[in-house]
Protein chains: 2
Amino acid sequence: MVVETTTYDPHGFPPFAVTVDVVVLTMSDGRLHVLLVRRGVPPFEGMWAIPGGFKRPEESLDEAAQRELLEETGVDGASLLRQFGAYGDPERDPRMNVVTIAYIAVLRDVQGIAGGTDAVAAALVPLSQILNGKIELAFDHAQILRDAVERVRTDLALTGIATAFVGPTFTLAELRAVYEEVWGVQLDAANFRRSVLAEKGWVISTGRRARPGPEGGKPAELYRAGRMWRHGAPIRYAQPSGKRRGSK
Amino acid sequence: MVVETTTYDPHGFPPFAVTVDVVVLTMSDGRLHVLLVRRGVPPFEGMWAIPGGFKRPEESLDEAAQRELLEETGVDGASLLRQFGAYGDPERDPRMNVVTIAYIAVLRDVQGIAGGTDAVAAALVPLSQILNGKIELAFDHAQILRDAVERVRTDLALTGIATAFVGPTFTLAELRAVYEEVWGVQLDAANFRRSVLAEKGWVISTGRRARPGPEGGKPAELYRAGRMWRHGAPIRYAQPSGKRRGSK
DNA sequence: CAGGGTTATGGTCGTGTCAACCAAAACCTC
DNA sequence: GAGGTTTTGGTTGACACGACCATAACCCTG
């Protein structure tokens, strides 16, 4: 009975469970953290896992991710919620076939995130703890998390999502710290400032200035996020408009 | 009964159908084409659709995509098969809830692709016909296709997947045509050559030369694909190594 | 209040890449 | 052989990048 494999026919389909997992990333104390929950039931009982839940039949995937984010963190109106992968290996859940759609949520550090509406234990864990394997995650969540970080890394370079990590108003040093932490590099403050300000409309200067920390220093200008837009096409050597050379 | 929403429990789950759709892209006659199949059963009977099928419980998502690609095109050992999105809107299939995982397969132009193993009608359709809405697709496949093209566009700029479009041996003009078609721009042949050759190991010169077409021209050098690798980190202003300035 | 420490911000400048263009080489057809 | 076409190599001005210096404006300590 293998007719119509190309134009699928949902009669007699093999049933799957579909879940949505949300990797909540935030900068806390200058380091990248991820929100994890502790499993209370087998399998992987007592281990840390990425929060997630079932997709409901009446909602879309994006809506399911938003709902999960709201339930876990209380944060509404996803500042940044992007789907980045689907995982469906047969062995990923020992009980049955579960296909999960993974999302990234980038949040600025909010107090009280660790306590969701549910009674399960939740915590913000430094990402370094997981990437070196010091904390083991349930299911294939370690792989999902690695993919999420990789996605954030490229998004940081290609789009303007860095402003989602910082508060509604921020200094350029805070913004620079996001790049430095995610990429693990040190950036030149002066050159970074020029490059950020060169992309017009992406950060907007409020008139105000931040109070320096206990270490002193010149008070930094305060900015707010502008439009978070995708960088233009990185296609090079485009012809001006007129004639062509070396064409077929 | 809303306990344990965070650490999902596959008992009493809502069942979904999970399918895998494969957007097969190829360059044919100098233009970008996509492989479509014509639906033989309602709904959307008689309309064109992206080939796809059910995920089987014993296979992973990637394996399901490879199997579908093999069934539709006869092509084995996916030259380039990447997952790029999941779609699960409740209304996307009028009969029931179907979540589909979408893949891109980039193939070089192969004769006889249009005839798959199944008896369904299949054809290579120019992409422009669909993007201007001249051909309507079933389900949400128009959106999936738009997303696929967008993904290929960025992948073309960021990785070396362009070689997947051309044959096992190719001229730089053929490679340039891929970029020009996907991005819809005209590129300078001399500058393009320099940029491609600058990325060492990505195209490798065989000694041979291609025979020029009927229009004449100097015979072009023949290359073969090297390693198709991800470009390095586009992070700027990284500090050399020593001291720091403007740090916190 | 003076001084040292720290950070933010602005400026400079050599190097390298990019893009536009030119020119020669090597083929085709007529 | 002439004219056309394509590939390939070369040149050159503009501009971005990266390294570094200098100054401004705060902190803290004595």
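Fair warning: this is a prediction, and the values are worked out from it, not measured in the lab. (Residues numbered from 1 in each chain as written. Chains lettered and ligands numbered in written order. Predicted model: local features only at pLDDT ≥ 70, side-chain atom pairs only at ≥ 80, totals over all residues. Heavy atoms only, no water.)

All names here are of chain B. Among the structural elements, leucine 145 can be located in helix α3 (residues 141–158). Classification of leucine 145 as buried rests on a relative accessible area of 0%. When the C-alpha positions of leucine 145 and isoleucine 104 are compared, they lie 9.4 Å apart, and in sequence the two are 41 residues distant. Apart from the residues within four sequence positions on either side, leucine 145 is in contact with Val23, Val34, Ile50, Leu127, Ile130 and Leu137. (Helix = DSSP H or I, 4+ residues; strand = E, 2+ residues; numbered from the N terminus. Buried < 20%, exposed > 50% of the residue type's maximum accessible area, 1.4 Å probe, protein only. Contact = heavy atoms within 4.5 Å.)

Okay, the environment of alanine 177 of chain B next. With respect to the helices, strands and loops of the structure, alanine 177 of chain B is situated in helix α4 (residues 172–183). For the pair formed by alanine 177 of chain B and arginine 31 of chain B, sequence separation is 146 residues and the distance between their alpha carbons is 8.8 Å.

Residues and elements named next belong to chain A. Counted by the stated rule, this structure contains four aromatic pairs over all chains. On the basis of an interplanar angle of 65 degrees and a centroid distance of 5.6 Å, the ring pair of tyrosine 179 and phenylalanine 192 is categorised as edge-to-face. Of this pair, tyrosine 179 sits in helix α4 (residues 172–183) while phenylalanine 192 sits in helix α5 (residues 189–198), and the two are 13 residues apart along the sequence. Each member of the pair, tyrosine 179 as well as phenylalanine 192, is classed as buried. Sitting over the ring of tryptophan 183, arginine 153 keeps its end group 5.8 Å from the ring centre. (Phe/Tyr/Trp six-rings, centres within 6.5 Å; stacked < 30°, edge-to-face > 60°. Lys NZ or Arg CZ within 6 Å of the ring centre and 35° of its normal.)

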